[in-house]
Amino acid sequence: MEEFEFENTIIKLIHSHQEGDYWDFKKEWYKNNGDLLHDIICMANNLNNNDSYIIIGVDEENDYCTLDISNDPNRKNTQNIVDFIKNKKFAGGVRPLVYVKSLSVLNSTIDVIVVENSFQTPFYLIERFEKVNANNIYTRIMDTNTPINNSADINHIEYLWKKRFHLDETPIEKIRYYLQSPEKWEDSPIEYDMTKYYKESPEYIIKEENEEDRDGYEFYLFSQCDSRPHWYNVTLYYHQTALEQFIAAGLDGSRLIVICPALSGIKFTQYHHWDISYRYYEKNTLRYDLLMFYHFDDIYDYEFSRFMKCALLFNSKREREEFEFYVTEHKEMYDNLYKTVDEELPYFPDLQGYNMEHFKKEYSDALVLQKMLSEFRNSNI
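Treat the numbers as computed from the prediction; the structure is a model and nothing was measured. (Residues numbered from 1 in each chain as written. Predicted model: local features only at pLDDT ≥ 70, side-chain atom pairs only at ≥ 80, totals over all residues. Heavy atoms only, no water.)

(A) Quick peek at the overall build of the chain. Scanning the chain for helices and strands turns up 10 helices and 17 strands. If you line up the chain on its principal axes, its C-alpha atoms span 75 × 55 × 35 Å. Buried residues in the chain amount to 47% of all 381 residues. For the chain, contacts bridging at least 24 residues in sequence account for 62% of all contacts bridging at least 6. Approximately 20,200 Å² of the chain is accessible, and the part contributed by carbon and sulfur atoms is 46%. The centroid of the 41 positive side-chain charges in the chain is displaced by 3 Å from the centroid of its 67 negative side-chain charges. (Helix = DSSP H or I, 4+ residues; strand = E, 2+ residues; numbered from the N terminus. Buried < 20%, exposed > 50% of the residue type's maximum accessible area, 1.4 Å probe, protein only. Contact = heavy atoms within 4.5 Å. Areas by Shrake-Rupley, 256 points an atom, 1.4 Å probe, with all protein chains shown as cover. Lys, Arg positive; Asp, Glu negative; His and termini not counted. Charge placed at Lys NZ, Arg CZ, Asp CG, Glu CD.)

In structure tokens:
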């Protein structure tokens, strides 16, 4: 989550004037480490499938006003919390991922313990720590944690185990999860059948088919030694049901397949179509997951890195939208950088029937936007 988005989320939770199933308020830092550990485990096992927040420096009894905790003697930073968690005996040695972020809200410094959402649930101890019992599974229901001397209800424990094994997810969610393990996919035993299936659930299939009706060029093909176009349809199936389909490009004589990037654009005035068109990926999307699925072994790392110079990679949709606005506000930077990228362009053959200057413009724009994206991120540090 981006910094601005995170801050807005915390402020909205404070303004809600209530606790919830993935956030809790504390007036001050914990004096008792057993209580701290209990709350972290409850948040890690929350049933909302969401990052959870322990917001420290909010007085519930005084209209949820913020209190400055800068000088709290029990205050902890991320390293303190990580060290504290690391020394506890969790089942399977799997621990919640926790960090601390500080915010300035209404002239007060508050801390937020962020407990990251995880599919490793349920988290529980195998050795007692102070009041926190071994083998008790704690969770959070609405605004209430499981009492420290009890264990969660069986239906909630069952949900946490189902979450670990992705049993309650939709087929598209499951196939995204399976894409994280490319080594568990097998090629079809049928000759010339470009199909892969997931070994542990063979009803999930990835089928590649030549795109017979497409033979044109795209600017990013010229990043390769062999720029001839090869196009494929890549379809994800659950049994016989098509879940999603993408166009893929075969790079460098089709030695490497990449899922084609999405298309967007930027205009400097409201009266024109895009002045700049560009290709991009966003992390935490199916398109990006599938791109990385095909590139998991790094055999063609050179070809892939050359290709990725032509496509911007964003951390989120919000970052992409903010970057587009940044570019419109920095046209002079764009113009100046555009004059410097000629030497970075690859060789463009003279292809009959194509506007090669347009391809060069698209390639130049990609290089310029890559540089501007670095500047954009540096300006937000």
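Moving on from the coordinates now.
(B) Local environment of the pattern of salt bridges. The final tally for this structure, using the stated rule, is 29 salt bridges. Put simply, Lys371 and Glu344 hold a salt bridge, and the shortest N to O gap is 3.2 Å. You can see Lys371 sitting in helix α10 (residues 356-379) and its partner Glu344 sitting in the loop between α9 (331-338) and α10, a full 27 residues away along the chain. The partly exposed category is assigned to Lys371, whose relative accessible area is 30%. (Salt bridge = Lys/Arg side-chain N within 4 Å of Asp/Glu carboxyl O.)

(C) Expanded view of the pairing of strand β6 (residues 108-115). Summarising burial for β6: seven of the eight residues are buried, a large majority. Sheet topology note: the strand β2 (residues 52-56)/β6 ladder contains five bridges and is antiparallel. Bridge assignment links Tyr53 to a residue of β6, and that residue is Val114. Inspection of the sheet shows strand β5 (residues 98-105) paired to β6 by eight bridges, in the antiparallel sense. Bridge pairing in β6 places Ser104 opposite Thr109. Hairpin connection between β5 and β6: a loop of two residues separates the two successive antiparallel strands, and Leu106 in this loop has a positive phi of roughly 55 degrees. (Pairing = 2+ DSSP bridges.)

(D) Structural view of the packing of aromatic side chains. All told, the structure shown has 31 aromatic pairs when counted by the stated rule. Put simply, the rings of Tyr217, Phe219, Tyr220, Phe222, Phe304, Phe307, Phe348, Tyr354, Phe359 and Tyr363 touch in pairs and so form one group of aromatic residues. The ring of Phe129 has Lys88 lying over it, and the distance from NZ or CZ to the ring centre is 4.7 Å. The lysine or arginine in question, Lys101, covers the ring of Phe6, its NZ or CZ lying 4.6 Å from the ring centre. (Phe/Tyr/Trp six-rings, centres within 6.5 Å; stacked < 30°, edge-to-face > 60°. Lys NZ or Arg CZ within 6 Å of the ring centre and 35° of its normal.)

(E) Structural context of the sheet that holds β5. A sheet is described by the order of its strands in space; here four strands give the open sequence β1-β2-β6-β5, paired in mixed fashion. Only two strands of the sheet have a single neighbouring strand rather than two, namely β1 (23-26) and β5. Neighbour-to-neighbour, the strand axes of this sheet turn through a mean angle of 20 degrees, independent of strand direction. Packing of helix α2 (residues 33-44) onto the sheet brings it into contact with β1, β2, β5 and β6, and relative to β2 it is tilted by some 145 degrees. (Axes fitted to C-alpha atoms, helices over the stretch in contact; angles between N-to-C directions.)

(F) Local environment of the sheet that holds strand β10 (residues 195-198). Pairing is antiparallel in the open sheet, where six strands are placed in the order β9-β10-β11-β12-β13-β14. Of all strands in the sheet, those bounded by a partner on one side alone are β9 (185-187) and β14 (256-259). Neighbouring strand axes in the sheet, compared pairwise and without regard to direction, differ in orientation by 30 degrees on average. Where β9 meets β10, three bridges bridge the pair, whose relative direction is antiparallel. Considered in β10, the bridge of Glu186 is made with Tyr197. On the sheet, helix α5 (residues 171-178) packs against β9, β10, β11 (201-210), β12 (231-238) and β13 (241-251) and is oriented at approximately 80 degrees with respect to β11. Against the sheet, helix α6 (residues 286-294) touches β9, β10, β11, β12, β13 and β14, its axis set at about 170 degrees to β14.

(G) Geometry of the pairing of β12. The buried count for β12 comes to six of eight residues, which makes it a mostly enclosed element. For β11 and β12, the ladder comprises seven bridges, and the chain directions are antiparallel. Looking across to β12, one finds that Asn210 is bridged to Tyr232. The loop that links β12 with its antiparallel partner β13 comprises two residues; one of these, His239, has a positive phi angle of about 55 degrees.

(H) Just unusual backbone geometry, in detail. Note that the residue after Thr121, namely Pro122, is joined by a cis bond; omega there is -5 degrees. One can find Pro122 in the loop between β6 and β7 (140-141). The phi dihedral of Asp63 is positive, around 60 degrees, even though this residue is not glycine. Within the secondary structure, Asp63 sits in the loop between β3 (58-59) and β4 (65-66). Positive phi values are uncommon outside glycine, yet Ser254 reaches one of about 70 degrees. Along the chain, the position of Ser254 falls in the loop between β13 and β14.

Such coordinate-based values are descriptive only and should not be taken to indicate function.
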